[in-house]
Amino acid sequence: MAAVTGDPAAAAVAAAAEDREPQREEMPGLDDQWNQIENGESGRERPLRAGESWFLVEQRWYKQWEVYVQGGDQDASTFPGCINNAELFEDQINWCLKEELMEGEDYVLLPAAAWHYLVSWYGLEHGQPPIERKVIELYSIPKVEVYPVKLLLVQHGDMDSALTAQFSLADSVDLVLRTAREQFLVDPQEDTRLWVKNSEGCLDRLCNTHVTLLDAALESGQLVIMETRNKDGSWPSTQLHVISNMSEEDEDFQGQPGICGLTNLGNTCFMNSALQCLSNVPQLTEYFLDNRYLEELNFCNPLGMRGELAEAYADLVKQTWSGCHRSIVPNVFKNKVSHFASQFLGCQQHDSQELLSFLLDGLHEDLNRVKKKEYVELCDAAGRPDQEVAQEAWQNHKRRNDSVIVDTFHGLFKSTLVCPDCGNVSVNFNPFCYLSVPLPVCHKRVLEVFFVPMDPRCKPEQHQVVVPKKGSISDLCVALSKHTGIAADKMIVADVFSHRFYKLYQLEDPLSGILDCDDIFVYEVSGQIEPIKGSKDDIVVPVYLRERTPAQDYSNSYYGLILFGHPLLVSVPQNRLTWEGLYNILMYRLSRYVTKPTSDEEDDGEEKGEDDISDEEEKDQMPGPSTRGNLRDSEREQAGPSSGATGTCPFLLDSRFHTSHWPPKRRCKQLFTLQTVNSNGTSDRTTSSEELSTQSYIAMDWEPEMKRRYYDEVEAEGYVKHECVGYVLKKAPVQLQECIKLFTTMETLEKENPWYCSSCKQHQLATKKLDLWMLPEILIIHLKRFSFSKFSHEKLDTLVHFPIRDLDFSEFVIKPQNESAPELYKYDLIAVSNHYGDIHDGHYTTFACNKDSGQWHYFDDNSVSPMNENQIESKAAYILFYQRQDMVRHQSQPGSSSDPASTACGSTLNPEFMDVN
């Protein structure tokens, strides 16, 4: 019930009331009148029912009527005459009820039937409107609403001209909207929405127009503002607090609908790409442009976003397809997404497939036609025919999920699990919204390593070796052996980080533990780190380089030590395992970039003692590379990221090492001193004999002056590149059909994701196979280009050949097929989301076919340009959007069926759509 007050309107109401006044009927007997008005189904005593109309009658007139009918004399002077409610009105112009009228004192209430009886018998005072009121339920109690809600209606662009309209609390907000549209003469094609001014002076959206005024908490005197959408698809209120989408020179712009860019708000190319793809899905876009979404907005779904995401997307679609913009700023939509999905807050880069998944799920829940989801128990096939189980699964899915997203994007696949122990088979049918298909993966990888030869005259060599992705360290050594000619068993592989050994690898360690960013050094050795008792093989000693730097403390005597350079693995013959022998061996290993002191410089030190050796003797004692001994595998602890390698090196300091540092006292000019340290390169204090066995690393400590004079840092950091550097694995292109076959290939579940067998009553690593049963109108194929594992993250830049037309899925669908309708299994490409760059830094763009023109365009944020179909296929293709051919309609121009560019992306409903059986 709605009534608009004002002089013209009041006159119209009165005139309408006069027109509706029924013709006088023959008056029945007084007893019959009493029975019909007071008693029976139509009388005053009947109970109130929500939604019924009751009428107000002035108390004095009704009492006069009671006296008349109870007197028993139809010709008596007590005849009441025409019904006259004049005492109930403030005036006879606007016909507004007086305030604070009381039932039983000022008026009585009559049901509609009783009122019409009285009017037909006695008539209504000329010009007076009937006072009709609705029965509403207030907190489950029916009550006649004598005083309706009076709302002030205004337009957004004209806040000064207000109309007063009366509504029942039981009326819907939609009636308020329709009344406002009628009063302000809004064109039926224009979109409108309502705002209400609350008690704090702020404006709130009346989003759900299906609720009553009571549920919307509207009260008399409130200001309701009707806003009309601009021709460019935007709302006037939005432009007050956001960046304008249109510059002055573009105000008269009129372009092709849908050919509109999206401004990058800061790393939002992922969002722009997903939106452009979705915007070019014909069925979905027409659904929003035709305002069909307004009737399906679900404001009470606990899994949804109160309809806000769907409304924000609808606004974006309407602006994009208005033809009035070259580009728009999607910050309102971005803010809405960030509000409901905090992972998209800020300006960080994200995955377009991740955003697309959230958006499709959010739109589905906001537009779900199922207002109250019932509990549905999933049932296994239990030997039943596939068609029966599939039909049941789809019906169960639709009982809880029914929206335009389900109609357009959801399909059904069959999942088969087989227990490896008892052979129990479990068959289920599950819906899908998109297919994430794997790419055929190359089983090899290229590792960059530095090979450090034992010959001190040779610089380290940079190599790139091809190794199995799932191989071990021994495979790396074998591959490097082919480049260097050094036997694989003469190599030790180490991860060097911050001038120390982060980890010394064992031969059986997996290569998956090596990241592409790791600095891997492979050392040529002639012995083994952990000696075998009784063996005469060389001992491999880990050596660090440290520089002594003065550091202030209370006694001015503390010296800090800083690691520098690359650490070494030095092979030491067991008969040279003395401090002096180790010093000489290190001098030999460092001879390429460490200069020996001259004789004059030697004389600068203290006098030599009897035990000092001459230059000639020292030269004779300086060993060359030894080739004795074999490297034996040993267990070593893996280092943590903060502490370096924590494993102990079994280089045992025997009785020949009487102290943990050397030389004990100055004898001749030494370039550095030696110190036993832990794997982290610290603990340079003197240790007890019990702790000595764990101090398995050696540090060469340099005085700053000695390092400056004798250590050539440039030469020490020098290396040569092997001819293999720059090698790139060639990846052969693959067909999209190969990826789909991989998706449907049987696989064994991983240990982290076992399946519980109902027969064995335990978790099993079952075999799993997925098969396609039913395909949707729009098939989204996500190419899984990003590979993540515990140790590695990479992007697969394999070129995937995918057809633009006639992608045939008939060989992949196991459901019995309709041979008379091959178009049910063939698809045409309508959009592609591209990703350029690597896994850490990249850029998203879109190729899309316009549903109206059939022309392909390239969308790069706010830039849009036409393109040819031969440019679509590239290594950047990431998400493919295909439309089923039975949904494609052709333009009416002659020759459109043969002209590829004339194929539009619109849709018509196929009667076999989503027929599970």
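Residues numbered from 1 in each chain as written. Predicted model: local features only at pLDDT ≥ 70, side-chain atom pairs only at ≥ 80, totals over all residues. Heavy atoms only, no water.

## Here's the deal with the overall build of the protein chain
Secondary structure summary: the protein chain contains 20 helices and 42 strands in total. When the 917 residues of the protein chain are sorted by exposure, 50% land in the buried category. A separation of at least 24 residues holds for 72% of the contacts in the protein chain among residues at least 6 apart in sequence. Of the roughly 44,300 Å² of accessible surface on the protein chain, 49% is carried by carbon and sulfur atoms. (Helix = DSSP H or I, 4+ residues; strand = E, 2+ residues; numbered from the N terminus. Buried < 20%, exposed > 50% of the residue type's maximum accessible area, 1.4 Å probe, protein only. Contact = heavy atoms within 4.5 Å. Areas by Shrake-Rupley, 256 points an atom, 1.4 Å probe, with all protein chains shown as cover.)

## Points about the sheet that holds strand S16 (residues 444-452)
Read from one edge of the open sheet, 6 strands run S19-S18-S20-S16-S17-S27, paired in mixed fashion. The open sheet has two free edges, formed respectively by strand S19 (500-504) and strand S27 (720-721), since each of these has just one partner strand. Bridge count between S16 and strand S20 (residues 520-524): 4 bridges; the pairing is parallel. When the bridges of S20 are listed, valine 452 appears paired with tyrosine 523. (Pairing = 2+ DSSP bridges.)

## What to know about the side chain of glutamate 524
One can find glutamate 524 in strand S20. Among buried charged residues, glutamate 524 stands out as having no salt bridge; its nearest opposite-charge side chain is arginine 589, 7.5 Å away. From its side chain, glutamate 524 meets the backbone nitrogen of methionine 454 in a polar contact 2.9 Å long. When residues no more than four places from it in sequence are discounted, the contact partners of glutamate 524 are Phe451, Val452, Pro453, Met454, Ile486 and Lys490. (Lys, Arg positive; Asp, Glu negative; His and termini not counted. Salt bridge = Lys/Arg side-chain N within 4 Å of Asp/Glu carboxyl O. Polar contact = N/O pair within 3.5 Å; in protein donor to acceptor, adjacent residues only side chain to side chain.)

## A few points about the pairing of strand S3 (residues 107-111)
Of all 5 residues making up S3, 5 are buried, and the element is well covered by its neighbours. The two faces of S3 match: Tyr107, Leu109 and Pro111 on one face and Val108 and Leu110 on the other face are all buried. Pairing geometry for strand S2 (residues 53-58) and S3, over 5 bridges, is antiparallel. Along S3, the bridge assignment pairs valine 57 with valine 108.

## Here's the deal with the side chain of histidine 782
By secondary structure assignment, the location of histidine 782 is in strand S33 (residues 778-784). Look at histidine 782 and you get buried, because its relative accessible area is 8%. Polar contacts involving the side chain of histidine 782 include one to the side chain of serine 436, which spans 2.9 Å. Among the polar contacts listed, one links the side chain of histidine 782 to the side chain of tyrosine 878, at a separation of 3.1 Å.

## Comments concerning the confidence of the model for the protein chain
Here the protein chain shows a mean pLDDT of 80. Residues at 70 or above account for 81%. This model gives residues 6-22 a pLDDT under 50, and the stretch forms 19 contacts once residues within four places in sequence are excluded. In the predicted structure, residues 606-658 sits below a pLDDT of 50 and forms 120 contacts with residues beyond four places in sequence or in another chain. (pLDDT = per-residue confidence, 0-100.)

## Some details on the nonpolar core
Ranked by size, the top nonpolar core spans 52 residues in total, and within it Leu278, Leu284, Phe288, Tyr313, Phe333, Phe409 and Phe881 carry the most contacts. If we skip the residues at most four places from it in the chain, leucine 284 touches Leu278, Tyr313, Val404, Ile405 and Phe409. Membership of the second largest hydrophobic core comes to 38 residues, among which are Leu770, Leu775, Leu783 and Trp856. (Core = buried A, V, L, I, M, F, W, Y, C linked by side-chain atoms within 4.5 Å.)

## Overview of the packing of helix H7 (residues 282-289) against helix H8 (residues 308-320)
Their axes nearest at 9 Å, the elements H7 and H8 cross at an angle of 95°. One way to sum up the angle between H7 and H8 is to call them roughly perpendicular. In this structure, H7 uses Leu284, Thr285, Phe288 and Leu289 to contact H8, whose residues at the interface are Ala310, Tyr313, Ala314, Val317 and Lys318. In terms of residue class, the contact of H7 with H8 is made up of 7 nonpolar, 1 polar and 1 charged. (Axes fitted to C-alpha atoms, helices over the stretch in contact; angles between N-to-C directions. Parallel < 35°, antiparallel > 145°, perpendicular 65-115°, else oblique. Nonpolar A, V, L, I, M, F, W, Y, C, P; charged D, E, K, R; others polar.)

## Let's talk about the pattern of salt bridges
As enumerated under the stated definition, the model contains 40 salt bridges in all. One salt bridge connects aspartate 886 with arginine 884, and the closest N-O pair in it is separated by 2.6 Å. We classify aspartate 886 as buried; its relative accessible area is 9%. You can call arginine 884 buried: its relative accessible area is 3%. Three or more residues are tied together by salt bridges with common partners; here these are Glu296, Arg369, Lys398, Asp402 and Asp407.

## A look at the packing of helix H6 (residues 269-279) against helix H10 (residues 352-366)
One way to put it is that H6 packs onto H10 with a least axis distance of 8 Å and a crossing angle of 50°. Judged on the interaxial angle alone, H10 and H6 are oblique. H6 and H10 meet at a crossing whose hand is right-handed. Residues Phe270, Met271, Ala274, Leu275 and Leu278 of H6 form the contact with H10, whose participating residues are Ser352, Leu355, Leu356, Leu359, Leu360 and Leu363. Classifying every residue of the contact of H6 with H10 by side-chain character gives 10 nonpolar, 1 polar and no charged. (Left-handed = near helix turned anticlockwise from the far one by under 90°.)

## Quick look at the sheet that holds strand S13 (residues 411-418)
Read across the open sheet, the 4 strands follow the order S14-S13-S32-S29; overall the sheet is antiparallel. Two strands close off the open sheet at either side, each with one partner strand: strand S14 (425-432) and strand S29 (747-748). As judged from the 7 bridges shared by S13 and strand S32 (residues 767-774), these two strands associate in the antiparallel manner. Paired with phenylalanine 413 across the strands is leucine 772, a residue of S32. Along the sheet, helix H11 (residues 386-400) contacts S13, S14 and S32; its crossing angle with S14, the most-contacted strand, is approximately 40°.

## Some details on helix H4 (residues 112-122)
Among the residues of H4, those classed as buried are Ala114, Trp115, Leu118, Val119, Ser120, Trp121 and Tyr122. Within two residues after H4, glycine 123 carries a phi angle of roughly 85°, on the positive side.

## Some remarks on the packing of aromatic side chains
Applying the stated criterion across every chain, the model contains 33 aromatic pairs. On the basis of an interplanar angle of 45° and a centroid distance of 6.3 Å, the ring pair of tyrosine 844 and tyrosine 878 is categorised as tilted. A residue pair is termed long-range when its members are at least 10 positions apart, and tyrosine 844 in strand S39 (residues 842-849) and tyrosine 878 in strand S42 (residues 877-884) qualify at 34 residues. Classification of tyrosine 844 by relative accessible area gives buried; the value is 3%. The ring of phenylalanine 564 has lysine 707 sitting right over it, with the charged end atom 4.0 Å from the ring centre. Residue placement shows lysine 851 over the ring face of tryptophan 321; its charged tip is 5.0 Å from the ring centre. (Phe/Tyr/Trp six-rings, centres within 6.5 Å; stacked < 30°, edge-to-face > 60°. Lys NZ or Arg CZ within 6 Å of the ring centre and 35° of its normal.)

## Things to note about the environment of isoleucine 839
Of note, isoleucine 839 is situated in the loop between strand S38 (826-837) and S39. Given a relative accessible area of 22%, isoleucine 839 falls into the partly exposed group. When the C-alpha positions of isoleucine 839 and leucine 796 are compared, they lie 9.1 Å apart, and in sequence the two are 43 residues distant.

## Here's the deal with the environment of lysine 334
Residue position: lysine 334 is located in helix H9 (residues 331-340). Separated by 63 residues in the primary sequence, lysine 334 and methionine 271 have C-alpha atoms spaced 8.3 Å apart. In contact with lysine 334, other than residues within four places in its own chain, are Leu265, Thr268, Met271, Phe344, Leu345 and Gly346.

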